[in-house]
Amino acid sequence: MEIILSSASEKPIYEQITSQIKEMIMTGELKPGEALPSMRKLAKDLHVSVITTQRAYDDLSKDGFIVTIPAKGTFVSTQNQDFIREENLRRIEGLLSDAARLGRENGLSLEELEKTLELVYTEE
């Protein structure tokens, strides 16, 4: 699990950690049930305080992305698949809204946008 922190970012460090772990879970890079490093190990690896990693893990836990089992560790939640799907659908809607706006700004018809989406979708 690679997390990259930026001191130039306006986001606090714990938010950078939270958003990158969420992204890894939502893209499937981190699988349901997969163990995460302990707060202490993550803090050591990232050269941040344990309080910072604790805040990130608390936020992830509150949002249902991870679960901590006492004396066992912290794991990607297996109960949040519907939530992850909804979150990904929300992200897709945002990206498609951007594409629709850009298409309208450039005079593309709905049919042209649909054809472009179909081509992109079937390419992969």
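Refer to the structure printed above.
Remember, it's a predicted structure, so these values are computed and weren't measured experimentally.

S.K.: An account of a nonpolar patch on the surface is requested, with residue identities and associated values reported.
M.R.: On the surface, Leu89, Ile92, Leu96, Leu117 and Tyr121 cluster together into a nonpolar patch covering about 510 Å² of accessible area. Where the nonpolar patch is concerned, the elements lending two or more residues are helix 4 (81-105) and helix 5 (110-123). Sort the elements by how many residues they give to the nonpolar patch and helix 4 lands first, with three residues. Take Tyr121: it is sitting in helix 5. The exposed category is assigned to Tyr121, whose relative accessible area is 70%.

S.K.: Residue-level account of the nonpolar core, with values.
M.R.: Among the nonpolar cores identified, the biggest contains 20 residues, and Ile21 and Ile25 are the most heavily contacted of them. Broken down by element, this core gets its largest block of residues, six residues, from helix 1 (residues 13-26). Here Ile21 is in contact with Met1, Ile3, Leu30, Tyr57 and Leu60, once residues within four sequence places are set aside.

S.K.: Which residues make up the pairing of strand 2 (residues 66-69), and what values do they have?
M.R.: Where strand 2 lies against strand 3 (residues 73-76), four bridges are found, and the strand directions are antiparallel. Counterpart to Thr68 in the pairing with strand 3 is Thr74. Hairpin connection between strand 2 and strand 3: a loop of three residues separates the two successive antiparallel strands, and Ala71 in this loop has a positive phi of roughly 65°.

What counts as what
- Residues numbered from 1 in each chain as written.
- Predicted model: local features only at pLDDT ≥ 70, side-chain atom pairs only at ≥ 80, totals over all residues.
- Heavy atoms only, no water.
- Patch = residues over 30% accessible without salt bridge, like charges linked within 9 Å, V, L, I, M, F, W, Y side chains within 5 Å.
- Areas by Shrake-Rupley, 256 points an atom, 1.4 Å probe, with all protein chains shown as cover.
- Salt bridge = Lys/Arg side-chain N within 4 Å of Asp/Glu carboxyl O.
- Helix = DSSP H or I, 4+ residues; strand = E, 2+ residues; numbered from the N terminus.
- Buried < 20%, exposed > 50% of the residue type's maximum accessible area, 1.4 Å probe, protein only.
- Core = buried A, V, L, I, M, F, W, Y, C linked by side-chain atoms within 4.5 Å.
- Contact = heavy atoms within 4.5 Å.
- Pairing = 2+ DSSP bridges.

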